[in-house]
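# An overview of the molecular structure
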Amino acid sequence: MASRIKYVGLTLFAIPWVVLPLWMVIVNALKPLGEAQALSLSLPHTWAFTDNLDTVVNDGHYLIGLRNSVLITVPAIAIILLLGSMAAWAFARTQSRWLRAAYYLSTLSVLLPPAIIPSIYLLREIGLDGTRLGYALVTIAARIGLVIFLTTGFVRALPEDLEDAASIDGAGPWQTYRHVLLPLLRPILLVGGVILMITVWNDFFFALFLLQGEGSATLPLTLFQFASSTVDTLSWNLVFMHVVLTSLPLIVVYLFVQRRVLSGLTEGAVKG
Amino acid sequence: MASTTLTQATGAPEQTAVRASEQPGPRRRKSPRAGGHWPFFALPAVVLVAVFFALPFLLNAGFAFSDWSGFSEEIGFNGVDNFRTLIDQEIFWPAVRTTLMYAGFMLVFAIGISLSLALLLEQTTRINTIFRSLFFVPVLISPLAAGYIWKGMLASNGPINGMLSFLLPGTVDTAWLGDPTTALPAVALIEAWKWSGLITLVYIAGLKAIPKEMLEAAMIDGANAWTRFWRIRLRMLAPALTFNVAVTLAIALMAYDVIAPTTAGGPGDHTTTLNIAMRLQWGQSFFGPASALSLTVAVLIVVSAVPLVMWMRKKEVN
């Protein structure tokens, strides 16, 4: 009985909190302009799916945004996970004062935001201002701290026996890292990777400062430029179509790895 | 460092962590050469952080006190002029106040909603998993897109007012994002919407880490559900709570992405947080004042989140 009340309550909360916003975005993305301006929740009378899609792809530069988002997010996350876990291994297994200082330096970014304006200055000095590479470098430096922080704690909780055994068997440090440590780290790197996907793919603020020109705009930038291009009122159908298409890649990925993501984030590292 | 907080918060094997750190003395390394490679494993990450994170951070402390602008090539030291100008133009203190209020609203919304959801969805049953996964969807949506979605939801002719008009007598047509009194809590609610699915999972992980024996013992001793919640679960949840409060606070103090598409700082300056003001200064080529505002964000995070984490961790131990 009590549990029935609980689920009724949860459903009543979930409807305005999650279901309605998503429904509103999707149905209005499929309507022609006049109909969508009413922001109603009814199904379209006239379907304008292909028209809206056309406009978003052509005027909204959707495909350029998608390409740039992939070109930045995928390598940045791969580099963060690789270099971050290598460093975390070193930080977890040594007592050296220098490495401890380096650990604190590297994990400052868990809470502190990157200093955006000096980053532009620095990138300008080395000729990377406004480029995807410059943006990726600042992103990597700003986000690697979280992975180092999570992974160092995780490695500390692992027994050293396996690594010792590998080195007795003659494995070098790189082989030990590659064949012993990395497989053990999979659960925590999955958690880190998920958080990175969400934050790097969706980043708008830093992209706004660090990327210049339509050619290098990521999806959030193309969405913002597209929505801001209408002067007075937003064309809800087109803005929502862009919102749907911008959010789609992550949602599709999520549908595939949903179970592992949720259990990874709740059970953490215990299983995997 | 707060590493145990997080291993616990994410449900990592805390027991092992304690044992490993209690081992007397560092272990002898087996191979004589072993140890020399450590710096090389740490180096690439450390160099990247030093050049592209730490260096800009130090430079920021300089730029905040400089007259750097888009109008001249030279950058000179000008003391606290930037802050003085921002204060004179009535930008600085209102932005600080707005940012702190935004953070306050977001903390209350995000922590309240997530904690309730976590307590309701703690057990891993099939139906709970469906709900968890539903509440996680907003986490995947970019804060910018979330801003546009809720700009539609909260519009005066939008679905929220439609629902309220249906439930309440009369017609509700409040422009939630256009009204000076509701705009700030409304944008903070959108930010909370975007993050609460993730925060919920951290709480669930924290709840799972509470030993069952402890709750059973309390039950045998006659503690009712209410006492068990306040005296045991909430206290044992402290690490997850600390982590969530600190991260939420940091996110809120940096607020920009949700505000830009919804209110762009308005009406008036009622939602002009420090980063919104910073972007405006930057847009006008006042790079010095922009740096000063950006430095203020960093300082606010340091003076609020860091003592908070230390204070809450102290409470955890007791």
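Residues numbered from 1 in each chain as written. Chains lettered and ligands numbered in written order. Predicted model: local features only at pLDDT ≥ 70, side-chain atom pairs only at ≥ 80, totals over all residues.

## Some remarks on the environment of B:Gly152
Along the chain, the position of B:Gly152 falls in helix H7 (residues 143-153). Residues B:Gly152 and B:Thr262 lie 110 residues apart in sequence; the distance between their C-alpha atoms is 9.2 Å. If near-sequence neighbours (up to four positions away) are discounted, B:Gly152 is found in contact with A:Met24, A:Leu39, A:Trp236 and B:Gly158. (Helix = DSSP H or I, 4+ residues; strand = E, 2+ residues; numbered from the N terminus. Contact = placed C-beta atoms within 7 Å.)

## Some words on the nonpolar core
If you look at the biggest cluster of nonpolar residues, it comprises 184 residues, and the most contacted ones within it are A:Ala87, A:Ala141, A:Ile144 and B:Ala45. For this core, the leading source of residues is helix H9 (residues 183-208) of chain B, giving 18 residues. Counting the residues that make up this core, at least three belong to each of domain 1 (2-36 + 44-49) and domain 2 (62-267) of chain A. (Core = buried A, V, L, I, M, F, W, Y, C linked by C-beta atoms within 7 Å. Buried ≥ 20, exposed ≤ 12 C-beta atoms within 10 Å, placed from the backbone. Domains from an automatic or database assignment.)

## Examining the domain arrangement of chain A
All names here are of chain A. Taken domain by domain, chain A holds domain 1 (2-36 + 44-49) and domain 2 (62-267). For domain 1 versus domain 2, the distance between C-alpha centres works out to 32 Å. Counting from both sides, the interface comprises 9 residues of domain 1 and, opposite them, 7 residues of domain 2. Elements with a minimum of two residues in the side of domain 1 that touches domain 2: helix H1 (2-29) and helix H2 (33-36). Here the side of domain 1 that touches domain 2 takes 4 residues from H1, the largest share from any one element. Residue classes in the side of domain 1 that touches domain 2 are distributed as 7 nonpolar, 1 polar and 1 charged. (Nonpolar A, V, L, I, M, F, W, Y, C, P; charged D, E, K, R; others polar.)

## Some words on H9(B)
Residues and elements named next belong to chain B. Helix length check: H9, at 26 residues, gives a terminal C-alpha distance of 37 Å against a target of 38 Å (1.5 Å per residue), a fit within 8%. Residue Trp195 marks the point of greatest curvature in H9, where the axis turns by about 50°. Within H9, 24 of the 26 residues are buried, which leaves the element mostly enclosed by the surrounding structure. (Expected span 1.5 Å × (residues − 1). Bend = angle between axes of the 7 residues up to and from the residue.)

## Section: the interface of chain A and chain B
A common measure of how large an interface is: the accessible area buried when the components associate. Between chain A and chain B, the contact holds 85 residues from the first and 82 residues from the second. Ranked by residues supplied to the side of chain A that touches chain B, first place goes to helix H7 (residues 132-156) of chain A with 14 residues. A class-by-class count of the residues in the side of chain A that touches chain B yields 62 nonpolar, 17 polar and 6 charged.

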